[in-house]
Amino acid sequence: MKKIVTDSGIEIQPIYTPITSNQQPVTELSGEFPFTRGIQPDMYRGKLWTMRQYAGFSTAEESNKRYHYLLSQGVSGLSVAFDLPTQIGYDSDHCLAEGEVGKVGVAIDSLEDMQRLFAGIKLEDISTSMTINATGFILLAFYVALAKQQGADLTKITGTIQNDILKEYAARGTYIYPPKPSMRIITDIFEWCATALPKWNTISISGYHIREAGSTAVQEIAFTLSNGKAYVQAAQAKGLNINVFGKRLSFFFNAHNNLFEEVAKFRAARRIWANMMRDLGATDEKAMMLRFHTQTGGSTLTAQQPQNNIARVTVQTLAAVLGGTQSLHTNGFDEALSLPSEDAAKIALRTQQIVAFESGVADTVDPLAGSYFVENLTADVETKALALIAKIDAMGGSVAAIEQGFMQDDIASSAYDYQRKIESGEKIIVGVNAFQSAETSVTPVFKVDDSIGKQQVAKLQALKAKRNNEQVTICLEKIHRAAVGTNNLMPLVIDAVENLCTLGEISDVLRSVFGEHK
């Protein structure tokens, strides 16, 4: 009989029965340790997942229009994409920003840009996720400063900054500083938010980009949870209470097309993390809960026959919901070609809404639990992931594994193997290496005009001409002194952005102290 394996190399048996099954269904209910079946007793019967759409392009004003449109169409949380200069700490007038301003996300240089981005939107009324890492602390400072200007109660502000630098070294590349000072910035954020911004998720430990770089499902959760362990240990070394900061840790996973492996991945990840946090000293069960956002797989989308991507995103949406996600972003069908058009973004949102309100999968908790296949697959994913985590621990943890190139090499090997299977025809991708047809229609693509860069530079020049530049110098000097020492950076960065220091200026001060990772 033909041998069939998942993308993680887990063999799938032709049939699962009580006799062949090596794994009995979990006995705990949802909301009970180790949370295999979900973190809430009633899951979506009590509250649906937060429906987000990742959006950000061009100028803050243009992105603001898209946000208002998405809110009018029923999204319950915003998810902000930033352009590459913003992500790696360069203002729009920097020579290295030329040609990239506003292209893959919105350009945010100053508090004024943040004001434009959220014009007409009360920050107390929405949950905002920001995909930002090396400069995450600066974008959070902009957000907090704007909330204060709006008169918001900071204890009610909810949202997430990705703030996961370890996966940048391993998979994505938008890092600035070396690992040690980067970890210091992250733990400063943990410490400051614990009292000042208690409902804010201080990190979204991300497997998404690890998967986008070519990892398997098992590698995605093994590397992500190992990174999470490193953040927890760094916070504990700083004297922070795991039962406090542990409640504000969140995760960000990918959803691919192998429906059952993806569901098993999410269930296994919750179980592994709960046990890991308990072993690290957590005693509050809320600090052991793995809460996660999911985005459908960008790398699974095809430029060929792009409307097929609607079906792919639907399967991935089902995987995320059946796996118990707390928040979900669905990709537009045209994203292999360009930033999503307004129509594509609407179809992506409607996909979530149809699954939520028409499919019935949200009507009961963990509907696939008890399936001999799903329970076996969950256990198999857990076993393989734990073996990989143990290997990383033996190297000295995630930071050491990244410094040795282990994660990068393992991901590259999996990516190569996956591509080889596509090219040989062993792995079928509909419309790419099978069921091909001549393209008879052209999908309109969304493009950002190059003039956006000039507009941003003009705004920066106007900002620098009107602000108190003596006060700017004082603020930046305070950040420099704190970076050399051990004082928490967050209060000083918030003060700096309120005095109209720019993202690039703050980043450069820290470059002068920490250096850059090479």
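Residues numbered from 1 in each chain as written. Predicted model: local features only at pLDDT ≥ 70, side-chain atom pairs only at ≥ 80, totals over all residues. Heavy atoms only, no water.

S.K.: How would you sum up the side chain of Asp 366? Please name residues and give values.
M.R.: Mapped onto the elements, Asp 366 comes out in the loop between α12 (342-357) and α13 (372-395). Looking at Asp 366, the relative accessible area reads 7%, which means it is buried. Polar contacts involving the side chain of Asp 366 include one to the side chain of Arg 267, which spans 2.9 Å. Excluding its chain neighbours within four sequence positions, the residues that come into contact with Asp 366 are Arg 37, Arg 267 and Leu 322. (Helix = DSSP H or I, 4+ residues; strand = E, 2+ residues; numbered from the N terminus. Buried < 20%, exposed > 50% of the residue type's maximum accessible area, 1.4 Å probe, protein only. Polar contact = N/O pair within 3.5 Å; in protein donor to acceptor, adjacent residues only side chain to side chain. Contact = heavy atoms within 4.5 Å.)

S.K.: Go over a nonpolar patch on the surface with me, naming the residues and quoting the values.
M.R.: Side chains of Ile 428, Val 430 and Phe 435 sit close together on the surface and give an oily, nonpolar patch of about 310 Å² of accessible area. Relative to the assigned elements, Val 430 resides in the loop between α15 (406-424) and α16 (451-466). Here Val 430 falls in the partly exposed class, since its relative accessible area comes to 37%. (Patch = residues over 30% accessible without salt bridge, like charges linked within 9 Å, V, L, I, M, F, W, Y side chains within 5 Å. Areas by Shrake-Rupley, 256 points an atom, 1.4 Å probe, with all protein chains shown as cover. Salt bridge = Lys/Arg side-chain N within 4 Å of Asp/Glu carboxyl O.)

S.K.: Explain α12 to me, using residue names and the numbers behind them.
M.R.: Each α-helix turn comprises 3.6 residues. Residues three or four places apart therefore point the same way. With 16 residues, α12 should reach 22 Å at 1.5 Å per residue; the first-to-last C-alpha distance of 22 Å fits that figure. Taken residue by residue, α12 has Ala 344, Ala 345, Ala 348, Leu 349, Thr 351, Gln 352, Gln 353, Val 355 and Ala 356 as its buried positions. Buried residues in α12 make contact with β3 (50-55), α1 (60-72), α11 (308-322) and β11 (327-329). (Expected span 1.5 Å × (residues − 1).)

S.K.: Go over the nonpolar core, please, and point to the residues and values.
M.R.: Counting 141 residues, the largest nonpolar core has Phe 118, Met 130 and Ile 506 as the members making the most contacts within it. With 11 residues, helix α4 (residues 136-149) is the single largest residue contributor to this core. Discounting chain neighbours no more than four positions away, the residues touching Phe 118 are Asn 64, Leu 78, Val 80, Leu 123, Ile 126, Thr 128, Tyr 143, Leu 146 and Gln 150. Grouped together as the second largest cluster of nonpolar side chains are 6 residues, Phe 57, Ala 97, Ala 107 and Ile 452 included. (Core = buried A, V, L, I, M, F, W, Y, C linked by side-chain atoms within 4.5 Å.)

S.K.: Help me get a handle on the pairing of strand β10 (residues 292-296), residues and values and all.
M.R.: Here β10 lies mainly inside the structure; 5 of its 5 residues are buried. Neither face of β10 is open: one carries Phe 292, Thr 294 and Thr 296, the other His 293 and Gln 295, and all of them are buried. Sheet analysis places strand β9 (residues 249-255) next to β10, joined by 5 bridges and oriented parallel. Each residue of the ladder has a partner; that of Ala 255, found in β10, is Thr 296. For the handedness criterion, the β-α-β arrangement of β9, helix α10 (residues 259-279) and β10 is classed as right-handed. Here β10 runs beside β11; their pairing, made up of 3 bridges, is parallel. Within the sheet, the bridge partner assigned to Thr 294 lies in β11 and is Leu 328. Following the backbone out of β10, through α11 and into the adjacent parallel β11, one traces a crossover that is right-handed. (Pairing = 2+ DSSP bridges. Right-handed = clockwise from strand over helix to strand, strands pointing away.)

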